[in-house]
Amino acid sequence: MTAMTVSISNSAISLDEAITLIWTEADLLDRRDYESWLALWTREGHYVIPVDPDARDHVDTLNYAYDDADMRRMRVDRLVGGHAISSTPAARSVRILSRFRLMEAGPAHCVVHCAQHLVEYKFERQRLYAADVTYRLTRSDADLKLDEKVVRLINAGDALGSLSYLL
Amino acid sequence: MTAPRLASGRPMSDLVLPDRIETAMYTDPDIFTAEMERIFSKTWVWVAHASEVPNPGDFVSSFVGLQPVIVTRDRKGRLHVLVNRCRHRGATVCERRQGNATSLVCPYHGWGYAQDGSLRGVPYVEGYTGDFDKSSLGLKALRVEEYQGLVFASLNPEVETLSDYLGHTKLWIDLFMKQGAGYPVKTSGEHRFRFPGNWKIQLENTTDAYHFPIVHRPFIESLDKQAEETFTFLGREGFVEDLGNGHSVMVMIPELIDLEANLDAPIPDRFLPLANELAKTHPPQEVRRIVRAVGGTGFNVNIFPNAACSMAFFRILRPISVRETEVRHIAIGMEGGPAAANRARLRLHEHFQGPMGFGSPDDVEAWQRVQRGVQGGPDLPLMVNRGLGLESSSVNHLPKGGVSAETGMRAAYQMWKRMMSA
Ligand code: FES
Ligand SMILES: [Fe+2]
């Protein structure tokens, strides 16, 4: 058993493992199970939605979201709190993630690029958001966790409607 | 020009009374068309902040009412505002939002314009007769003037000076710019959104403190106790003043009118990490000045018809149709200021503004509810009488009401009435 654990943690994170986590996250978000979503993150992780899809330096440029653990917690409280008129009721969403590429892979972390199509529905209106998503995943103990997620909407620089859920 | 009338023959200006406006103000396409002519083509309209075009050759796209314009800085550093329409057969000469170019070349037949709008190059010019006059075919130029980095343009060659137009707002704009903490104020990115509603719904909102504790409860709840206290300003000493020409100021947090006054007041808890960071490189008094500036001012200056200096950002509205409006929330920072301070400003902006902010989406929801709501009861008025009868006279001998009075809306609508009667 011990030998087994060692051999897993010494081998690079596989694309299959990464996709399993990414799809789990997608499902949690579409079901608005935000508490479970929060638990997927590392303590230091950042959830980032830049205004400029070409920006690489997110901390010093304006974003739609630049969330550390505290901000993710506050955001979830806002979404489920029932007092925000824009998210009560929340929009429904269905997302598909595909076109996965493993850009970096080691035993402790990996970087995955993928595409996301999300359809939002609320009040007799559907909207489509397409985005390139970059995940940085890290392995702590046996678990794979989200360490950074950057969602680059292809129309990020345009006028957007309110997002009453998480991309 | 005769004053515009509704299809029924009534003058449009009749729709504004001292205490109420009629529903058609938000719904009648004829009124929207008249507003574009009588207001947006007649007075000063905010088009850019000077820091968006700092260097010769810089340009940024903008709008004056429905008309697309380009704000450029020429080789000599002068600002120009040009209609984005080729003088040949009308193509836009620029589709980029922002950039730097030595000339603007129309993609259709290649006419080239200098940054001051003058026509420089015409391919195969021998196809015209010898009296072809390039000097009369420059891009259409607007009047342009600047105050404290705010760049305004006007389609009206006879418009009064910007300084006269801004009048009593200038003092407040000066106070607003103190959030540079001695560094020049620069723009640092923006959130843009559209909502299905009339532009005047947004115009009203920047002088509406009444909605804050209701609509923005989730924002207030996300703050610590101290900040929650700061943002609980209804029933306190705040006020709204009519500043003339449709402009107004709404002071929500009187302690934050002059950011350089009372610098010895304790630093709020939520700014302590920033203060500690700055203390490594800055003397204590500078730390206090910068931290105070990062939090922004305690007031909104509403500049009729499309701009506001709103606490810690610029709010710019753009009418698109009678039922659609675009709003820009432009973040500001300190040019050359400490990175930690500018970073803190960005995070504060993201917290409230934008499609995922803790404030703006709820504003948008409320405004679109107004537009949906006024489809019912078109005969009912919209009431803007809050605080009427309780006002005093300001230092400028203009109405001054309590923080949640609708004094600023009345100021804007009286200006609207004046311009729509001319
Ligand atoms: S339309 Fe611009 S050159 Fe012909
Ligand atoms: Fe608001």
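What you see is a predicted model, and the numbers here were worked out from it, not measured in a lab.

The next thing to look at is the overall build of chain A. Along the backbone of chain A there are 4 helices and 6 strands. Listed N to C, the secondary structure of chain A is α-α-α-β-β-α-β-β-β-β in terms of helices and strands. Its C-alpha atoms give chain A a radius of gyration of 16 Å, within 12% of the compact-globule value 15 Å for 167 residues. The principal-axis extent of the C-alpha atoms belonging to chain A is close to 55 × 30 × 30 Å. Counting only residues that meet the buried cut, chain A has 49% of its 167 residues in that class. When the accessible surface of chain A is summed, it comes to about 8000 Å², and 54% of that surface belongs to carbon and sulfur atoms. In chain A, 20 positive and 25 negative side-chain charges are present, and the distance between their average locations comes to 4 Å.

Each partner contributes to the interface: chain B provides 32 residues, whereas chain A provides 31 residues. Connecting chain B to chain A are 3 salt bridges. For R97 of chain B, the salt bridge identified is with D158 of chain A, shortest N-O distance 3.3 Å. Our enumeration of links across chain B and chain A arrives at 17 residue pairs in polar contact (both at pLDDT 80 or more). At the level of secondary structure, the elements contributing two or more residues to the side of chain B that touches chain A comprise β12 (185–195), α7 (217–221), β18 (324–334), α11 (339–352) and α12 (360–373) of chain B. When grouped by side-chain class, the residues that make up the side of chain B that touches chain A number 12 nonpolar, 7 polar and 13 charged.

All names here are of chain B. Taken together, the buried positions of helix α10 (residues 284–294) are occupied by V287, I290, V291, R292, A293 and V294. On its buried face, α10 is in contact with α9 (272–279), β18 and α11. Just beyond α10, the residue with positive phi is G296, at close to 85°.

It is worth spelling out a positive patch on the surface at this point. Residues and elements named next belong to chain B. A surface patch of like charges, here positive, comprises R75, K76, R120 and K134. Its location among the elements puts R75 in the loop between β4 (67–73) and β5 (79–83). R75 gets classed as exposed once you look at its relative accessible area, which sits at 75%.

What follows covers the coordination of the iron ion (ligand 2). All names here are of chain B. The coordination sphere of the iron ion (ligand 2), as far as protein atoms go, consists of H211 (NE2), H216 (NE2), D363 (OD) and D363 (OD), spread over 2.0 to 2.5 Å. Taken together, the 4 donor atoms surrounding the iron ion (ligand 2) define angles of 57 to 152° at the centre, an arrangement classified as irregular. Along the chain, the residues that donate to the iron ion (ligand 2) are spaced as H-x4-H-x146-D. With H216 in the loop between α6 (212–215) and α7 and D363 in helix α12, this pair connects stretches of sequence that are 147 residues apart. Both residues of the pair, H216 and D363, belong to the buried class.

This brings us to the pairing of strand β5 (residues 125–140) of chain A. Residues and elements named next belong to chain A. With 14 bridges connecting them, strand β4 (residues 109–122) and β5 associate as antiparallel partners. Within the sheet, the bridge partner assigned to L118 lies in β5 and is Y129. In this antiparallel pair of consecutive strands, β4 and β5, the connection spans 2 residues, and F123 shows a positive phi of 45°. Bridge analysis of β5 against strand β6 (residues 143–153) gives 10 bridges, and the strand direction is antiparallel. For R136, the partnering residue across the bridge sits in β6 and is E148.

Let us look at the state of the cysteines. Enumeration according to the criterion identifies 0 disulfides over all chains in this entry. Of all cysteine sulfurs in the structure, the one in C114 of chain A sits closest to C110 of chain A, which takes part in no disulfide; the separation is 11 Å.

Once that is clear, we can look at the pattern of salt bridges. Inspection of every chain in the model, using the stated rule, returns 37 salt bridges over all chains. Among the salt bridges present, the one from R125 of chain A reaches E120 of chain A, with a minimum N-O distance of 3.4 Å. Taking relative accessible area as the criterion, R125 of chain A reaches 34% and is therefore assigned partly exposed. Here E190 of chain B makes a salt bridge to R328 of chain B, at a shortest N to O gap of 2.8 Å.

On average, residues of chain A carry a pLDDT of 92, and 95% of them reach 70 or more. The low-confidence segment residues 1–7 of chain A (pLDDT under 50) makes 0 contacts with residues lying over four places distant or belonging to another chain.

Residues and elements named next belong to chain B. A residue is classified by how much of its surface remains accessible, and H216, at 1% relative accessible area, is buried. A polar contact is formed between the side chain of H216 and the side chain of D363, at a distance of 2.9 Å. Not counting residues within four places of it along the chain, the set of residues in contact with H216 comprises H211, F352, G359 and D363.

What follows concerns the UniProt feature "domain: Rieske" (unreviewed entry) in chain B. Look at the UniProt record and you will see "domain: Rieske" (unreviewed entry) annotated at residues 44–153 of chain B. A helix fraction of 0% and a strand fraction of 41% characterise residues 44–153 of chain B, whose end C-alpha atoms lie 5 Å from each other.

Our focus in this paragraph is unusual backbone geometry. The omega torsion of the bond from T88 of chain A to P89 of chain A falls at 0°, within 30 degrees of zero and hence cis. Looking at where P89 of chain A falls in the secondary structure, it is placed in the loop between α4 (69–81) and β3 (92–105). At the junction of F304 of chain B and P305 of chain B, the peptide bond is cis and its omega measures out at 5° in the coordinates. Of note, P305 of chain B is situated in the loop between β15 (299–303) and β16 (307–310). Of note in the backbone geometry, E124 of chain A takes a positive phi value of approximately 65° without being a glycine. Relative to the elements of secondary structure, E124 of chain A occurs in the loop between β4 and β5. In this structure E124 of chain A comes out as exposed when scored by relative accessible area, which is 77%.

Cut-off values and rules
Residues numbered from 1 in each chain as written. Chains lettered and ligands numbered in written order. Predicted model: local features only at pLDDT ≥ 70, side-chain atom pairs only at ≥ 80, totals over all residues. Heavy atoms only, no water. Helix = DSSP H or I, 4+ residues; strand = E, 2+ residues; numbered from the N terminus. Rg over C-alpha atoms; globule rule 2.2 N^0.38 Å. Buried < 20%, exposed > 50% of the residue type's maximum accessible area, 1.4 Å probe, protein only. Areas by Shrake-Rupley, 256 points an atom, 1.4 Å probe, with all protein chains shown as cover. Lys, Arg positive; Asp, Glu negative; His and termini not counted. Charge placed at Lys NZ, Arg CZ, Asp CG, Glu CD. Contact = heavy atoms within 4.5 Å. Salt bridge = Lys/Arg side-chain N within 4 Å of Asp/Glu carboxyl O. Polar contact = N/O pair within 3.5 Å; in protein donor to acceptor, adjacent residues only side chain to side chain. Nonpolar A, V, L, I, M, F, W, Y, C, P; charged D, E, K, R; others polar. Patch = residues over 30% accessible without salt bridge, like charges linked within 9 Å, V, L, I, M, F, W, Y side chains within 5 Å. Donors = N, O, S within 2.8 Å, 3.2 Å for Na, K, Ca; no water. Tetrahedral: all angles 85-135°; square planar, octahedral: opposite > 155°, others 65-115°. Pairing = 2+ DSSP bridges. Disulfide = S-S within 2.5 Å. pLDDT = per-residue confidence, 0-100. UniProt positions renumbered as here; feature names shortened; annotations may be inferred.

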